[in-house]
Amino acid sequence: MRGVPVGDRPTAASLPTTRALLLATRRRLRLAWFVETVAMLAPFVAAASLLLVLAGRRWSWPWFEATGFGVLTGALLVLAVVAAVVPISLAQVARAADRGLDTHDALATALELEDAAGPLVLEVRARAEQAAVAEPSAAIPLHLRRGHRMGAALVVATVLLTVAGNPQEDRRAAAADEEAAVDDLAEALRDEAAELRDDPEATEQERAVAAELEQLAAEIDQLSDLEEAEQRLTAAQAELEAQQQSGLLSQKAATVGLERGLEADPLPGGAPGDGAAAQLEQVADELADLDEAERAALAERLEALAAAQAAGAPSTAAALADAAARLGEGDLAGASAALGEAASAHRAASDGVANQEAAAAGQRAIADARASGSSGEGQGDGDGDGDGDGDGDGDGDGDGDGQGEGEGQGEGEGQGEGEGQGSGQGQGQGQGSGGGGQGQVGGNQSTTGSGQGGQGTADGTGNSNVQPGDPANPSIWDPNAGTDGEQIDVDGTDVGGEQVTTGLGDGPTATTGAHVPLGDALTRYRERATRALDQSSIPPSLRALVRAYFDALAAS
Amino acid sequence: MTAPTEPIDPAAYARIADAIESEIAKVIVGQRDLVRTVVLCLLAEGHALLEGVPGLGKTMLLKTLSDAIDVDFGRVQFTPDLMPADITGTQVLEDDDQGRRRFEFQEGPIFANLVLADEVNRATPKTQSAMLEAMQERSVTVAGQTRPLPRPFLVMATQNPLEMEGTYPLPEAQLDRFMLKAQVPFPTADDLVEVAQRTTGAAGAPVRAVADVATLQSMIALTREVPVASHLLRHAVDLVLATHPDQPTAPDAVRRYVRFGSSPRGVQAIVLAAKAQALLEGRPNVSAEDLRWVATSALRHRMVLGYEATADGVTAEDLVAAVLDAVPVPSAEIRGAPR
């Protein structure tokens, strides 16, 4: 042992080598703390991670594996952070280094005596400085513990199980697809609702329905079960369907026809810009101002209007007929009251039609959204089941149930010429659906039998003095006008199988060439086009184009 | 009398202490821990109690120690009829040169630097008390006059655990005055062969004195200068506290077999002896190993054992070992740190 003269007092407290070693050893000690803590916790954390991964092979919740690895990495991160910040004093480091280097507490004693004086202090410092040339790794050795080995084995097992593939993946994919389908459905419904809401010609009722659809889309967005979403949509569709009546088309034809008829030929005192109800109320107030001839003409006009409203708006028709009758009887007050009732009835009918149309629009929007969602799903499903149910016998028994709906719209107008002008207009619309049987016959052959036909019967009344080629009253040949429909049979396709597909339908197979006024034809075609526009398959931009086309024709 | 001491450096300290041990080894075969314990008491100026059956060389050890250091040596053979004055000294009537008669104090054997109290448990309690009072006070009061004992002053006592009849076991309070208590073990076979060779042949090399009083004083002074880190002092305290059955750190064996734990003198003994041990090992500072090495000698006679210990054959050494197991070496108290 190197001797130090007793009484030689230190002049400066300095342990540069010792302090450098202790600072490095402190970092090493943090690492040792981390390693030892990992050894202690690794089996438990890794076991928990492994259990989560195993649970992921038993149940289809998609976050098992991620949670397992999250637990693992999270625990390591937390331990690393704690190791980095755990308070470790130099005195503790010195004690640890003394144990590790077997320096018999020289470092800790020297550190404590750094500023002290005494006969042996310099000896202690010198001894500490000599010992401090060691490496921190020698002071704090790291050991591989059993916990490390167990944890590593469990982690390896966890990784292998994860890499090995999981039988739950198919279920998870299906669940993800289902969730995506629900999202698509909600998104499609939201788009349809937005389209309905943003349509410049949308009615107030349609906007209200659009808002309900958006609410429904938000509710569906919260779902993850496609079946439940479909049920919600089905329920909504049913609810909207319940708001519609079977005679919507005739009701609409009646109310719109009245509006347009009075728009084209206003009642006395009315203006083209006024609505039908307003004109009725207006004329009701001004009955006293009319002379006999005007009242007679008005009565005749009201009778014609009543006849036109009979099918679609019976209340309006009854009120108009009552007004015509009372007017004919000279009961001006009664006629006025009846006209008022007619106006009210017309408003109610118009509102009813608007509500039903809004409901129909909403229903269509839901149907379109479902179609959009299902098409997306179909793309995901791939080739599907091509063989069908197999029992489709191709029996397209299209007997054409003759859902013919005759719409007669007769309009008699007095043009002040004392000349009756009537246009007989028959519109036959029939649709027979001959069971779209589809089956495999003789291998890959498939046949579809369908019958579609219609029966239209128009009972147009009135004399048409419109002749072809009259430049003052342009006319157009209408193949459907004034014809009697005939029974038709539409054969299905026989594909050589045992079953024969036969479609039967009723439809106009012969027409008498009838020239009708161009204005009437335009009105009718416009009506049809308007109905056609309600189909969602027509893009909104084209709807506007079609409307603009007919507007231009009407203006010309 | 305390003479001014000349400073001594640790290297010389270790060298001289090693020479003392070597000189003793000329006579005493083996028994290295026993010799070390006695030397520690010498360098820490603490009293030692050696316990062992007759014939193991207790007296020979202390006699050899007195030969190895050039100090005044006194020996007292304790017997039941030994009176306190036989130890401390007494006033005797003497004639001076002028023929006048007067009382002169005649110092007893305790007035020596190194006193061998052989079979101390054979004296009566009264005599034991006189001896032990002198050990504690390092002074003697006779006829109203207090007389300091020479420094260094060390009492090396022996006692025989056998032949208890007619003996007066030292009470706990008096045992506490001894810094260390050493058990003299029976020699190993090899040591016995060596003993036989040495004692039955020609006389061996004589023991020579390698230190005088001044040197011994310097060494004792340096022993007290050895620094002890605070966590090591705390460790010594923890060891002592663990001997108390009512302390939470006490091991189960202590709770079961110990009635009273060590007194605070136990801490002092541990620290002081550990300082000497550190210097003897060539280190300028105390280490935990030093503290634990001396703990058995410092604590074994300071614990009062219950009858359960006697019934179960549990010794004080067993209990100190349990304490050492229960109180680990002070470390960084950080997971991953070496222990």
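Asks: In this structure, what is going on with the interface of chain A and chain B? I would like to understand it.
Replies: It is common to give the size of an interface as the accessible area lost on bringing the parts into contact. Facing 34 residues of chain A, the contacting portion of chain B comprises 31 residues. For the side of chain A that touches chain B, the secondary structure elements donating two or more residues are α1 (16-58), α3 (90-101), α4 (106-112) and α5 (121-131) of chain A. Partitioning the side of chain A that touches chain B into residue classes produces 19 nonpolar, eight polar and seven charged.

Asks: Any chance you could explain the pairing of strand β9 (residues 154-159) of chain B here in plain terms?
Replies: Two faces, one strand: in a regular strand the side chains alternate between the faces of the sheet. Residues and elements named next belong to chain B. Within β9, six of the six residues are buried, leaving the element largely enclosed by the surrounding structure. Residue alternation in β9 divides its side chains into two sets, Leu154, Met156 and Thr158 and Val155, Ala157 and Gln159, and both sets are buried. As paired elements, strand β1 (residues 48-51) and β9 share four bridges and run parallel to each other. Following the sheet pairing, alanine 48 is matched in β9 by methionine 156. Where strand β6 (residues 114-118) lies against β9, four bridges are found, and the strand directions are parallel. Across the sheet, residue leucine 116 finds its bridge partner in β9, namely methionine 156.

Asks: Honestly, the packing of helix α8 (residues 169-198) of chain A against helix α9 (residues 204-221) of chain A in this entry has me stumped. Any pointers?
Replies: To characterise two packed helices, one gives the angle between the axes of the helices and the distance between these axes. All names here are of chain A. Packing of α8 against α9 leaves a shortest axis separation of 8 Å and a crossing angle of 165°. With respect to each other, α8 and α9 are oriented roughly antiparallel. In the crossing of α8 with α9, the sense of the turn from one axis to the other is left-handed. Residues Val182, Asp183, Leu185, Ala186, Leu189, Arg190, Glu192, Ala193, Leu196 and Arg197 of α8 form the contact with α9, whose participating residues are Glu206, Arg207, Val209, Ala210, Leu213, Glu214, Leu216, Ala217, Ile220 and Asp221.

Asks: So what exactly am I meant to see when it comes to unusual backbone geometry here?
Replies: Trans peptide bonds make up the majority, and among non-glycine residues the majority have a negative phi. Residues and elements named next belong to chain B. Looking along the chain, the bond that leaves arginine 151 and enters proline 152 is cis, with omega of -5°. The residue proline 152 is located in the loop between β8 (145-148) and β9 in this model. Even without being glycine, arginine 138 reaches a positive phi, approximately 55°. Tracing the backbone through its elements, the reader meets arginine 138 in the loop between α5 (125-137) and β7 (139-142). The class for arginine 138 is partly exposed, based on 15 C-beta atoms found within 10 Å.

Definitions and cut-offs
Residues numbered from 1 in each chain as written. Chains lettered and ligands numbered in written order. Predicted model: local features only at pLDDT ≥ 70, side-chain atom pairs only at ≥ 80, totals over all residues. Contact = placed C-beta atoms within 7 Å. Helix = DSSP H or I, 4+ residues; strand = E, 2+ residues; numbered from the N terminus. Nonpolar A, V, L, I, M, F, W, Y, C, P; charged D, E, K, R; others polar. Buried ≥ 20, exposed ≤ 12 C-beta atoms within 10 Å, placed from the backbone. Pairing = 2+ DSSP bridges. Axes fitted to C-alpha atoms, helices over the stretch in contact; angles between N-to-C directions. Parallel < 35°, antiparallel > 145°, perpendicular 65-115°, else oblique. Left-handed = near helix turned anticlockwise from the far one by under 90°.

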